[in-house]
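# Understanding the architecture of this molecule
Read off the chains here:
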Amino acid sequence: SNEDRRAAAEALGHLKQGVDALKRALAGDRKHDVRHAAAWALGESGSIEAVSALMKALSEDSSEYVLEAAAEALAKLGDARAIPVLEKALERNQDHEHVRHAIQEALQKLRTTITQIAATEVSDSRRVDPERLGGNPTVQATVMLANGIAASAQVPSGASTGTREAMELRDGDASSFGGKGVMKA
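Residues numbered from 1 in each chain as written. Predicted model: local features only at pLDDT ≥ 70, side-chain atom pairs only at ≥ 80, totals over all residues. Heavy atoms only, no water.

## Some points on the overall build of the protein
- Scanning the protein from N- to C-terminus turns up 7 helices and 3 strands.
- Along the chain direction, N to C, the helices and strands of the protein fall in the order α-α-α-α-α-α-α-β-β-β.
- Looking at the protein as a whole, 34% of its 185 residues qualify as buried.
- A separation threshold of at least 6 residues defines the contact pool for the protein, and within that pool the share at least 24 residues apart is 54%.
- Counting every atom, the protein has about 11,200 Å² of accessible surface; 52% of that belongs to carbon and sulfur. (Helix = DSSP H or I, 4+ residues; strand = E, 2+ residues; numbered from the N terminus. Buried < 20%, exposed > 50% of the residue type's maximum accessible area, 1.4 Å probe, protein only. Contact = heavy atoms within 4.5 Å. Areas by Shrake-Rupley, 256 points an atom, 1.4 Å probe, with all protein chains shown as cover.)

What follows is the structure in structure tokens.
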């Protein structure tokens, strides 16, 4: 029955299992509440395998309930590949407030998803050793978001080491900055 299929989809979501069966239900069940439950369950599954089925549903399904659940599931899965599909779905669904809101929320989350983190060994701006230009080596981290925004920050090499401060991780390789390198950090 319709109710049994919907309950089965929800149970699979709670168990985080049955991704293939949920994808089939999302793509082909004739009842929108079963497809809705399948979309929700795919989001709960945490499986990246669900992304393509959810994007297809967002592009092709006619039920507002399914579209809303698919957008929410895509946001939960956090795969930035869904952004273009969500943007197109937003254009098509301006008249459906709940769908529009779910898509906007998903886009906001996915656009601020970290897609890349890079760390580089740099010289601290404080000059500690008069024999060297610059100070001790330290770490510069750069974070890239799905929306293209990048931000970098450097961590100054600590002069004090209070009990509540982070510990410095140094390489100990005497041939690199007298053992004070941070390539292992």
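## Some remarks on the confidence of the model for the protein
- Model confidence for the protein is summarised by a mean pLDDT of 85, while 89% of its residues fall at 70 or above.
- Here helix α1 (residues 2-15) stands out as the least confident element of the protein, with mean pLDDT 80; helix α4 (residues 51-60) is the most confident, with 96. (pLDDT = per-residue confidence, 0-100.)

## Some points on the sheet that holds strand β3 (residues 150-154)
- With antiparallel pairing, 3 strands are arranged side by side in an open sheet as β1-β2-β3. Unpaired on one side and paired on the other, β1 (114-123) and β3 mark the two borders of the sheet. Going across the sheet, the axis of each strand differs from the next one's by a mean of 15°, ignoring polarity.
- Sheet topology places strand β2 (residues 137-145) next to β3; 5 bridges connect them, and they run antiparallel. Residue Gln 140 lies in a different strand from β3, and its bridge partner there is Gln 154. (Pairing = 2+ DSSP bridges. Axes fitted to C-alpha atoms, helices over the stretch in contact; angles between N-to-C directions.)

## Structural notes on the packing of α4 against helix α6 (residues 83-92)
- Interhelical geometry of α4 versus α6 gives an angle of 20° and a closest axis separation of 9 Å. As summarised for this structure, α4 and α6 are arranged roughly parallel, according to the angle between their axes. In terms of crossing hand, the pair formed by α4 and α6 is left-handed. Residues Met 55, Leu 58 and Ser 59 of α4 form the contact with α6, whose own contacting residues are Val 85, Leu 86, Ala 89 and Arg 92.
- Classifying every residue of the contact of α4 with α6 gives 5 nonpolar, 1 polar and 1 charged. (Parallel < 35°, antiparallel > 145°, perpendicular 65-115°, else oblique. Left-handed = near helix turned anticlockwise from the far one by under 90°. Nonpolar A, V, L, I, M, F, W, Y, C, P; charged D, E, K, R; others polar.)

## Description of the environment of Glu 105
- Tracing the backbone shows Glu 105 in helix α7 (residues 97-111).
- Residues Glu 105 and Ala 71, spaced 34 residues apart in sequence, show a C-alpha to C-alpha distance of 8.4 Å.

## As for the pattern of salt bridges
- Taken as a whole and judged by the stated rule, the model has 8 salt bridges.
- The shortest N-O distance in the salt bridge between Asp 20 and Lys 23 comes to 3.8 Å. With Asp 20 and Lys 23 both in helix α2 (residues 19-28) and 3 residues apart, this pair spans about one turn of that helix.
- On the basis of relative accessibility, which here comes to 46%, the residue Asp 20 falls in the partly exposed class.
- A salt bridge links Arg 81 to Asp 79; its shortest N-O distance comes to 2.5 Å.
- Several salt bridges share partner residues, and in doing so they unite Glu 3, Arg 6 and Glu 10 into one network. (Salt bridge = Lys/Arg side-chain N within 4 Å of Asp/Glu carboxyl O.)

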